[in-house]
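# Descriptive analysis of the structure
Here is what each chain is made of, one letter per residue.
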Protein chains: 2
Amino acid sequence: MRIGFTLKLNPDKIAEYDESHRAVWPEMLALLKQSGISQYSIFRRDAELFLTFTCEDFEKTWSEIEKSPVNARWQAAMAPFFAPMAERKPGERFPMWQEVFYLD
Amino acid sequence: MRIGFTLKLNPDKIAEYDESHRAVWPEMLALLKQSGISQYSIFRRDAELFLTFTCEDFEKTWSEIEKSPVNARWQAAMAPFFAPMAERKPGERFPMWQEVFYLD
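Below or above, wherever it landed, is the structure these notes cover. If you're wondering where the values come from, they're calculated on a predicted model, not measured in any experiment. Per chain, residue numbering runs from 1 following the sequence as it is written. Each chain gets a letter, beginning with A, and each ligand a number, beginning with 1, in the order they are written. Given that the model is predicted, a residue must reach a pLDDT of at least 70 before its local features are reported, and side-chain atom pairs must reach 80 or more before they are shown or counted; all residues, however, enter totals for whole chains, interfaces and linings.

## Observations concerning the packing of helix α2 (residues 26-34) of chain B against helix α4 (residues 69-78) of chain B
For any two helices packed against each other, the geometry comes down to the angle between their axes and how far apart the axes lie. All names here are of chain B. Put simply, the test is: Axes, fitted as lines to C-alpha atoms, cover a helix only where it is in contact. Angles between the N-to-C directions of the axes lie from 0 to 180 degrees. Put simply, DSSP marks the helices as runs of H or I at least four residues long and the strands as runs of E at least two long, and each gets a number from the N terminus on. Angle categories: roughly parallel below 35 degrees, roughly antiparallel above 145, roughly perpendicular from 65 to 115, and oblique for all the rest. Here is the rule for handedness: rotate from the far helix to the near one, and if that takes an anticlockwise turn smaller than a right angle the crossing is left-handed, while a clockwise turn gives right-handed. Any pair of residues counts as being in contact when their C-beta atoms, constructed from backbone geometry, are within 7 Å of one another. Any residue outside Ala, Val, Leu, Ile, Met, Phe, Trp, Tyr, Cys, Pro, Asp, Glu, Lys and Arg is labelled polar, Gly included; the first ten of those are nonpolar and the last four are charged.
Taken N-terminus to C-terminus, the directions of α2 and α4 make an angle of 120°; their axes are 10 Å apart at the nearest point. Between α2 and α4, the angle is such that the two are oblique. Along this stretch, α2 crosses α4, giving a crossing that reads as left-handed. Judged by residue contacts, E27, M28 and L31 of α2 engage V70, N71 and W74 from α4. Along the lines of polarity and charge, the residues of the contact of α2 with α4 split into four nonpolar, one polar and one charged.

Shown next as structure tokens:
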């Protein structure tokens, strides 16, 4: 399945966010791969982020990532960069976007 | 290069947009492929669209697509579904998002 969701940055933290994502920790990249994530792009326009990747089962994959101490350290390092998310629908972990078209 | 941009739908045309994208014309799919587009996903949340694909050179690819009568017919069919785009920056064809992270 191809996943898409949005997050928001603090407008004064954009440069730091970009910089940290040019140098994601090797152990964080390894965790993502081990958890079944591939073709993971993060797009940004101003302070808005669109995150998209491929995985077998989003809930399973993300739950596995969240159990990792590496992820806990990464999220703690990233937390100051984020603004509150857009409104979520019931049961949503993030504001999720549905794939309505795909061409390989 | 991996491209990302956003478009907006008329809120009362969402179902028709989704339906048309479950049955994109074979000649339109062929045009996209011939123009060098691959891994093309369109994500939707409510009336917002995020379009992302891979190509060698976005301006060259899109200019080629725009020369095609197939594309002209497709865009004419889709036009009633779209609301005005979000504000564009100087020189932008669409509201473009920059890829700030990629993991294969």
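## Here's the deal with the relation of the copies chain A and chain B
Where we set the bar: To line up the copies, we fit them by least squares on C-alpha atoms, keeping just the residues with pLDDT of at least 70 in both.
Between the two copies, chain A and chain B, the superposition gives an RMSD of 0.0 Å; the rotation angle is 180° and the shift along the axis is 0.0 Å. The symmetry that links the two subunits is that of a two-fold axis. No C-alpha of chain A lies nearer the rotation axis than that of F50 of chain A, which sits 4.1 Å from it.

## Examining the nonpolar core
So the rule is basically this: Throughout this description, the term nonpolar core refers to a group of buried Ala, Val, Leu, Ile, Met, Phe, Trp, Tyr and Cys residues whose C-beta atoms join them within 7 Å. Three exposure classes are used. Buried residues have 20 or more other C-beta atoms within 10 Å of their own C-beta, exposed residues have 12 or fewer, and partly exposed residues fall in between, all C-beta atoms being placed from the backbone.
Counting 22 residues, the largest nonpolar core has F50 of chain A together with F50 of chain B as its most contacted members. Within the residue set of this core, elements represented by two or more residues are β1 (2-9), β2 (38-45) and β3 (48-54) of chain A together with β1 (2-9), β2 (38-45) and β3 (48-54) of chain B.

## Describing the interface of chain A and chain B
Interfaces are often described in size by the accessible area the parts lose on coming together. As a reminder, the rule being used: Only when DSSP finds a minimum of two bridges between them are two strands counted as paired.
Contacts between the two partners involve 27 residues from chain A and, on the opposite side, 27 residues from chain B. For the side of chain A that touches chain B, the elements supplying multiple residues, two or more each, are β1, α1 (14-21), α2 (26-34), β2, β3 and β5 (96-103) of chain A. For the side of chain A that touches chain B, the per-class residue count stands at 14 nonpolar, seven polar and six charged. For β2 of chain A and strand β5 (residues 96-103) of chain B, the ladder comprises five bridges, and the chain directions are antiparallel. Of the residues in β5 of chain B, the one forming a bridge with S41 of chain A is Y102 of chain B.

## Focus: the environment of W62 of chain B
Turning to its location among the elements, W62 of chain B is positioned in helix α3 (residues 58-66). A sequence separation of 54 residues divides W62 of chain B from K8 of chain B, and the C-alpha atoms of the two residues are 19 Å apart.

## Quick look at unusual backbone geometry
At Q39 of chain A, a residue that is not glycine, the phi angle is positive and equals roughly 45°. Along the chain, Q39 of chain A falls in strand β2. Accessibility expressed as a C-beta count within 10 Å gives 16 for Q39 of chain A, which makes it partly exposed. With a phi close to 50°, D46 of chain B is a non-glycine residue in the positive phi region.

## Observations concerning the pairing of β3 of chain B
All names here are of chain B. As paired elements, β1 and β3 share seven bridges and run antiparallel to each other. Bridge pairing links G4 to T52 in β3. The pairing of β2 with β3 spans six bridges and is antiparallel. Residue pairing for β3: S41 is matched across the bridge by T52. Between β2 and β3, which pair antiparallel one after the other, the connecting turn spans two residues, and D46 there sits at a positive phi close to 50°.

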